[in-house]
Amino acid sequence: MFERRLYLHIDWLLLTAVLLLAGIGLAMIYSTTYDPVRERVGAEFMKQLYAVGIGVVALAICMSIDYRTLAEYSLVIYGAVALALLFVLFFGFSAGGSRRWIDLGPMNVQPSEFAKIALALVLATFFAESRRAASNTGDLLFASGFLVVLAGLIAKEPDLGTAVTLVSILLGIAFAAGLRLKIIAALVALAIVTAPAAWSFALKDYQKSRIQTFLDPEQDARGAGYQQIQARITVGSGGLTGKGFRQGTQGQYKFLPVAHNDFVYSVLAEEHGFLGVLLTLGLYLVVIQRSFDAARLAKDRLGAYLVVGLVSWFTFQVLYNVTMSAGLAPVKGLTLPLMSYGGSSIIATLASFGLVLNVRMRRFTN
Amino acid sequence: MTRLTEDRRQLPVRIAILRYGIATCFIAIGFAFWYLQVAQHQRFEEMAQNNHMRTLSLRAPRGTLFDRHGRVLVENRYAFDVSLVREQTTDLDRTLRLVAQITGAAEATLREIVARHAREPRYRPITLVQDATLAQISGLSARRLELPDILVEQVPTRQYPTDELAAHLFGYVGEITDTQLTRPENSGLHVGSIVGQSGVEQVYNKLLMGTDGARSVVVNSVGREIRTLGEQPPAEGRRLQLTIDYDLQKAAEDGFKQSGYWGSAVILDPRSGEILALVSLPAYDPNHFAAGIDRATWTALNTDKLRPLQNRAIQGRYSPGSTFKIVVATAALEEGLVTPDHKVFCAGGGTFYGRFFKCHLSGGHGWVDMRHAIEKSCNVYFYTLGNMLGVDRIHKWGALLGLADKSGVDLPHEIDSLVPSTAWKKARTGEKWYAGETISVAIGQGQVSVTPMSLAVMMATIANGGTRHVPHLVRAIDDGTGWTPTPPPAPKSVSLMKPETVAALHDGLWMVVNGAGTGGRGRIADIAVAGKTGTAQVISNQGKAAAGKTDRDLRDHGWFVFFAPKDTPELAGVVFVEHAEHGYFAAPIAKHVIQTYYAKKRGEPLPVFNAPAVPTVVAGTAPVAPRAGGGN
């Protein structure tokens, strides 16, 4: 399990791109949380710095343990995460109207971030063990069971964004596992049919208003539409080369809320312009494409599915957050993986890439 | 097994689908960012600027007004304005309700103010309460936390003399109206700018206004100022030195108030046309306007039957009565029809064109020459001269002496004075002039109607021997570098009259005051005052009888026109007293002004006005026994 020659097969390009993005993220958090009055670095920056450190350790660990061994314990991991989510619902630490964290003294842990890894692991294992060549409806329903438990618990917090992210993991793995196009078409049709019902029963008022606002931000320019309008102004005012590090006005003067968190990418676009956007989008694309390479090269279906599952949630969040940062999608509390502020998020993301590296470097082992 | 291999081939295909699909999404997002950041950059850049940069205007103090001796007449004080910054407002209704409650202002009025400024940027403060009292300010600051959108600003505000002194002369200031905003000279001003709306404030607004300053600040998302980018301090308006003499102005106003009359007075320096005092009573308090006049006060001023907003000196037109005889005398002498020694026999009246015209002395004045005719104000003498002249020559000389148009004074909304002519009547009514009408005109009745200002110009012209100056109010302007004298306006005409004419008029007018005339109350022991009284009929004698008892005061107005000293006049002017029945009662006011002038000139203590017993006249009874035919 601990073979030295494995490390010769580490994907250094992927690792570098991941760490670069985390570094850029740290710089943006520094920029947005620096206190110009007291000339002090924001507490959020220090916390994130520690979290990146922990995340690198987590990455190393996840890379070192053979993913097939982890797959054997996938149900245990899944169960542990589910319990943690259950714990959160009753004893969790709440902030901003939702209960998402477990208070561990020096830092809070957000189990829903780790639910993504757990779900990818359990679904990859499930589909890999499936005897059938291509997954059928039965498999899909069974797999959906795994999804519904975690997504349900998370939606209850409430954290709809993360719950929806989990759906992307199932869809990604199922698609890779040969889910028939007919079924995909049926799912899309179902989604369209049930949308009005979901609108009436499942969505809370604030969620509805966010979507309504997205369709017409001017309608509520001081309220829910505010963030969206400000996001567009922030990005648009950045121009080609940006206003410079810590020189942004939208983020620095708090016209854009939670600039270090959900809207960190808007601030990057403001301070570093279109060129900064191209650079980071390029890095994200490198990370995603290299990960798909890992899936393609994987020794077995388990490895391939695991990587696809992890890349699915990663890609979903990147695409959504970046689109939202430009004011082009309804405002949803979805972080930008690797860059947004959030300890659990950065740790879980780095751990995920530990697993991706894990699969790739073991492509020659038996 | 074949199906398994099929699956083996399928996985890379599906991975390829995913990765190219995702790559496509990234390219699309890249284009979206390009659109926002490069194509639409200008627009968003501007929006970002508007977000965090505010330019707030700093009101410039208006220029100070001084009197001719450097005494401050109108200055500025700092008042507290209560303003609303809508950018900070969460609940406008609640804010307005609270402000109304605390300050006692009407909520509807506040709402109206906000509506008027609705189209301005939301960060620009809207003044809700001008010149708030300390009680209002402390009430508001006690509830500051509930009213984050309320701002108390210190702004320079006009301060006028507290006793309504020279109110019509100064005029008043107020917010620029929508119509005024559209005029080219007001470009650069905006809703809420304070401009002169009347008097000197209006005419010299451009000079007095100064230039508003501006302060650019960076604010954060909750509107708190983070730092100042730059500040352009306001430039105070030009300082104006008026021709007014505070003491003479005060003396004239005191005279009116002490004797219990409303009316008007214009005192000129006949050598230059400088206005030394300009009175119109009743007046108003311009301070009310400076602090943003409330609707009740404004309505009260507008509906007051005494018309306090009207500047009687240039907007009130009255029949000049016997003071017009000066014009007729001038015309007859200048046209060469008579000499000053020309005598006419007065038998208490005369018949012209089949109608008997009375003299006010029913027994008649006997033989009178020009000087005595003026002294005694003999109607028959002037009926005769008027008949010789004809209306058009009377009109010609009325016009030359300034009684047929505007004086040209630097005050707004002056109206024309009027001396009729055949052409005027033809144009107005289409009818020809009847020679009989001229007889009434000759004693300042009929359609003759003049403003106090124009009569003062006439008197100054007679006094200085024939130069018709344009009355004016500004002596010098200080633009910050020192006083620059303002060149006086060019006279409308010079050397109108022959010296013999002037001498005869001066003698006659001196005799009015110092001889057996009606101006005795204007006599001063050591100063040769010359003058003439006149009565302006409010309604004809027949009309008076017909009207019977009415609310309207139908008593005649009194005039006293004067200059002094007789041979080298330094003062000339007119005192017009409403419903005083006789010009006799205007003379003491003029006398007080003249005495004040000389006391000041000689360094003596200023005199105090001794109010003569206010005549308790009943409408219809004359205080001076012999009186008929209107003239005296």
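Predicted model only: the values in this text are computed from it and were never measured. (Residues numbered from 1 in each chain as written. Chains lettered and ligands numbered in written order. Predicted model: local features only at pLDDT ≥ 70, side-chain atom pairs only at ≥ 80, totals over all residues. Heavy atoms only, no water.)

**Student:** It is not clear to me how the overall build of chain B should be interpreted in this structure. Could you clarify?
**Tutor:** The secondary structure content of chain B amounts to 23 helices and 21 strands. For chain B, the C-alpha radius of gyration of 35 Å lies well beyond 26 Å, the compact-globule estimate for 632 residues. Counting only C-alpha atoms and orienting by the principal axes, one finds that chain B spans roughly 155 × 55 × 55 Å. Per-residue burial for chain B yields a buried fraction of 52% across its 632 residues. Considering only residue pairs separated by 6 or more positions, chain B has 73% of its internal contacts joining residues 24 or more positions apart. Entry remark: accessible area of chain B is about 27300 Å², with carbon and sulfur atoms responsible for 54%. A gap of 4 Å separates the mean positions of the 68 positive and 61 negative side-chain charges of chain B. (Helix = DSSP H or I, 4+ residues; strand = E, 2+ residues; numbered from the N terminus. Rg over C-alpha atoms; globule rule 2.2 N^0.38 Å. Buried < 20%, exposed > 50% of the residue type's maximum accessible area, 1.4 Å probe, protein only. Contact = heavy atoms within 4.5 Å. Areas by Shrake-Rupley, 256 points an atom, 1.4 Å probe, with all protein chains shown as cover. Lys, Arg positive; Asp, Glu negative; His and termini not counted. Charge placed at Lys NZ, Arg CZ, Asp CG, Glu CD.)

**Student:** Explanation requested: the pairing of strand S11 (residues 263-269) of chain B in the structure shown.
**Tutor:** As a general feature of sheets, a regular strand has side chains that alternate between the two faces. Residues and elements named next belong to chain B. Counting buried positions along S11 gives 7 out of 7 residues, so the element sits mostly inside the fold. Here S11 shows a buried face lined by Gly263, Ala265, Ile267 and Asp269 and a second buried face lined by Ser264, Val266 and Leu268. In this structure, S11 lies alongside strand S21 (residues 571-577), joined through 6 bridges in antiparallel fashion. Considered in S21, the bridge of valine 266 is made with valine 574. Across 7 bridges, the pairing between S11 and strand S12 (residues 274-281) is antiparallel. From the neighbouring strand, valine 266 faces S12, where its bridge partner is leucine 278. Connecting the antiparallel pair S11 and S12 is a turn made up of 4 residues, with glycine 273 showing a positive phi of about 85°. (Pairing = 2+ DSSP bridges.)

**Student:** I keep staring at the interface of chain A and chain B and nothing clicks. Help me out?
**Tutor:** Often, the extent of an interface is quoted as the loss of accessible area on bringing the components together. Each side of the interface is counted separately: chain A has 49 residues, and chain B has 37 residues. For the pair chain A and chain B, the summed buried surface comes to about 3900 Å²; carbon and sulfur atoms form 70% of the total. One can count 1 salt bridge joining chain A with chain B. Of the charged contacts, one joins Asp293(A) and Arg19(B) as a salt bridge, the two residues approaching to 2.9 Å between their closest N and O atoms. Here chain A and chain B share 8 residue pairs in polar contact (both at pLDDT 80 or more) between them. Sorting the residues of the side of chain A that touches chain B by element identifies helix H7 (160-176), helix H10 (224-238), helix H11 (264-297) and helix H12 (301-325) of chain A as the ones contributing at least two each. With 14 residues, H11(A) is the largest single contributor of residues to the side of chain A that touches chain B. Taken together, the residues that form the side of chain A that touches chain B break down as 29 nonpolar, 12 polar and 8 charged. (Buried area = accessible area lost by both parts, 1.4 Å probe. Salt bridge = Lys/Arg side-chain N within 4 Å of Asp/Glu carboxyl O. Polar contact = N/O pair within 3.5 Å; in protein donor to acceptor, adjacent residues only side chain to side chain. Nonpolar A, V, L, I, M, F, W, Y, C, P; charged D, E, K, R; others polar.)

**Student:** Help me understand the pairing of strand S19 (residues 530-536) of chain B, please; the structure alone is not making it clear to me.
**Tutor:** Most of S19(B) sits out of view: 7 of its 7 residues are buried. What you see with S19(B) is no split at all: Ala530(B), Lys532(B), Gly534(B) and Ala536(B) on one side and Gly531(B), Thr533(B) and Thr535(B) on the other are buried throughout.

**Student:** So what exactly am I meant to see when it comes to the packing of helix H2 (residues 43-64) of chain A against helix H13 (residues 343-361) of chain A here?
**Tutor:** Working note: a packed helix pair is described by the angle between its axes plus the distance between those axes. Residue and element names in this part refer to chain A. In contact at an axis separation of 7 Å, H2 and H13 are set at 25° when each is read in the N-to-C sense. One way to sum up the angle between H2 and H13 is to call them roughly parallel. The crossing of H2 and H13 is right-handed. Residue-level inspection shows Gln48, Ala51, Val52, Ile54, Gly55, Val56, Ala58, Leu59, Cys62 and Met63 of H2 in contact with H13, the latter providing Gly343, Ile346, Ile347, Leu350, Ala351, Phe353, Gly354, Leu355, Leu357, Asn358 and Met361. Considered class by class, the residues forming the contact of H2 with H13 number 16 nonpolar, 5 polar and no charged. (Axes fitted to C-alpha atoms, helices over the stretch in contact; angles between N-to-C directions. Parallel < 35°, antiparallel > 145°, perpendicular 65-115°, else oblique. Left-handed = near helix turned anticlockwise from the far one by under 90°.)

**Student:** Honestly, the sheet that holds strand S2 (residues 98-104) of chain A in this entry has me stumped. Any pointers?
**Tutor:** Pairing between the strands of a sheet comes from backbone hydrogen bonds, and it takes one of two forms, parallel or antiparallel. Residues and elements named next belong to chain A. Within the open sheet, the 3 strands sit side by side as S1-S2-S3. Their pairing is antiparallel. Edge strands, defined here as strands with exactly one partner in the open sheet, are strand S1 (93-95) and strand S3 (107-109). Strand after strand, the sheet turns through a mean of 50° between neighbouring axes, direction not considered. The sheet contact formed by S1 and S2 spans 3 bridges and is antiparallel. Note that in S2 the partner of serine 94 across the bridge is arginine 99.

**Student:** Even after reading the chapter, I still don't get the environment of Gln48(A), so can you show me in this structure?
**Tutor:** Residue and element names in this part refer to chain A. Structurally, the position occupied by glutamine 48 is in helix H2. As a C-alpha pair, glutamine 48 and isoleucine 347 span 299 residues in sequence and 9.8 Å in three-dimensional space. The residues contacting glutamine 48, other than those within four sequence positions of it, are Leu26, Ile29, Ser340, Tyr341, Gly342, Gly343 and Ile346.

**Student:** What is the right way to read the side chain of Arg468(B) from this model?
**Tutor:** Along the chain, Arg468(B) falls in the loop between helix H20 (452-463) and strand S17 (474-478). Those residues in contact with Arg468(B), other than ones at most four positions away along the chain, are Ala399(B), Leu400(B), Leu401(B), Gly402(B), Asp405(B), Lys406(B), Val457(B), Thr461(B), Pro491(B), Lys492(B) and Ser493(B).

**Student:** Is there a simple way to think about the domain arrangement of chain B in this case?
**Tutor:** The assigned domain composition of chain B is domain 1 (2-39), domain 2 (54-237) and domain 3 (246-299 + 309-602). Between domain 1 of chain B and domain 2 of chain B, the C-alpha centre-to-centre distance is 62 Å. (Domains from an automatic or database assignment.)

**Student:** Looking at this structure, how should I read the packing of H20(B) against helix H21 (residues 499-514) of chain B?
**Tutor:** The contact between H20(B) and H21(B) brings their axes to 9 Å, and the two run at 115°. Each of Met459(B), Ile462(B) and Ala463(B) in H20(B) lies in contact with H21(B), whose residues at this interface are Val502(B), Leu505(B), His506(B) and Leu509(B).

**Student:** Looking at this model, I keep getting lost on the pattern of salt bridges. Mind explaining?
**Tutor:** Two side chains of opposite charge can pair, provided their charged atoms sit close to one another. By the definition in use, this model includes 38 salt bridges over all chains. One salt-bridge network, held together by shared partners, links Arg371(B), Asp507(B), Lys566(B) and Asp567(B).

**Student:** Is there a simple way to explain a nonpolar patch on the surface in this structure?
**Tutor:** A cluster of nonpolar side chains, contributed by Leu240(A), Leu275(A), Leu278(A), Ile27(B), Phe31(B), Trp34(B), Tyr35(B) and Val38(B), occupies part of the molecular surface with about 790 Å² of accessible area. Elements that contribute at least two residues to the nonpolar patch include exactly H11 of chain A together with helix H1 (2-39) of chain B. The dominant element in the nonpolar patch, judged by the number of residues it contributes, is H1(B), at 5 residues. Relative to the helices and strands, Leu278(A) resides in helix H11. The class of Leu278(A) is partly exposed, set by a relative accessible area of 42%. (Patch = residues over 30% accessible without salt bridge, like charges linked within 9 Å, V, L, I, M, F, W, Y side chains within 5 Å.)

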